[in-house]
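These are the residues of each chain, in order.
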Amino acid sequence: MGTILIVAGIVVLVLGLVSGLVLLTGNFWPGYNQGFNMVGWGPVLVGLANGIPLLAFGAVLRLLTDVEYNSRATLQVAEQSRKSAEAAVKNSEMLMKNTETLMRNTEAAVRNTETALKSVGSALAPAAAAVSGAMESSAGAATKEAGANA
């Protein structure tokens, strides 16, 4: 609609200016060769008085249409941004939950490893005592043999 009004405004301006110029300078009436004719100002003024408002109203309509279009586009982008932000928050929450689960599992693994090391240590304690006793008796025998050889 705005484009139609702009085109109509241009047509009214052109027709008013052309007809006014023809009337101002014309030798179109029989027997009237005076050159400059004041009657030509009427179409010029009517063309300006009607053409300029048509142009302005058409431009305002196009502006309002563009504003409405841009508002819709902005609203769609804002909605997509909101959905992306919600998805990011959900992903962050899931990441936090997964991290907490991983920390609990790591703590349990550390406790299990400590328990396993303690049980291995307590299982190896008798064997270590036996090896230590065997080494002492072997060292004592070697000392006796060295004293006997001397």
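Owing to the predicted nature of the structure, the values given are computational and were not obtained by experimental measurement.

Rules behind the numbers
- Residues numbered from 1 in each chain as written.
- Predicted model: local features only at pLDDT ≥ 70, side-chain atom pairs only at ≥ 80, totals over all residues.
- Heavy atoms only, no water.
- Helix = DSSP H or I, 4+ residues; strand = E, 2+ residues; numbered from the N terminus.
- Expected span 1.5 Å × (residues − 1).
- Buried < 20%, exposed > 50% of the residue type's maximum accessible area, 1.4 Å probe, protein only.
- UniProt positions renumbered as here; feature names shortened; annotations may be inferred.
- Salt bridge = Lys/Arg side-chain N within 4 Å of Asp/Glu carboxyl O.

1. Quick word on helix α1 (residues 2-25)
With 24 residues, α1 should reach 34 Å at 1.5 Å per residue; the first-to-last C-alpha distance of 34 Å fits that figure. Residues of α1 that are buried: Gly2, Leu5, Gly9, Leu13, Gly16, Gly20, Leu23 and Leu24.

2. A few points about the UniProt feature "transmembrane region" (unreviewed entry) in the protein
Sites flagged by UniProt as "transmembrane region" (unreviewed entry) map to residues 44-64. Structurally, residues 44-64 comprises 100% helix and 0% strand, and the distance from its first C-alpha atom to its last is 30 Å.

3. So, the pattern of salt bridges
Scanning all chains against the criterion turns up three salt bridges. For Arg72, the salt bridge goes to Glu68, with nearest N and O atoms at 2.1 Å. Highlighted residues: Arg72 and Glu68, both in helix α2 (residues 41-149), separated by four residues, approximately one helical turn. The exposure class of Arg72 is exposed, given its relative accessible area of 54%. Judged by relative accessible area, which is 35%, Glu68 ranks as partly exposed. Between Glu86 and Arg82 there is a salt bridge, and its shortest N-O distance comes to 2.4 Å. Taken together, the positions of Glu86 and Arg82, both in helix α2 and four residues apart, correspond to about one turn of that helix.

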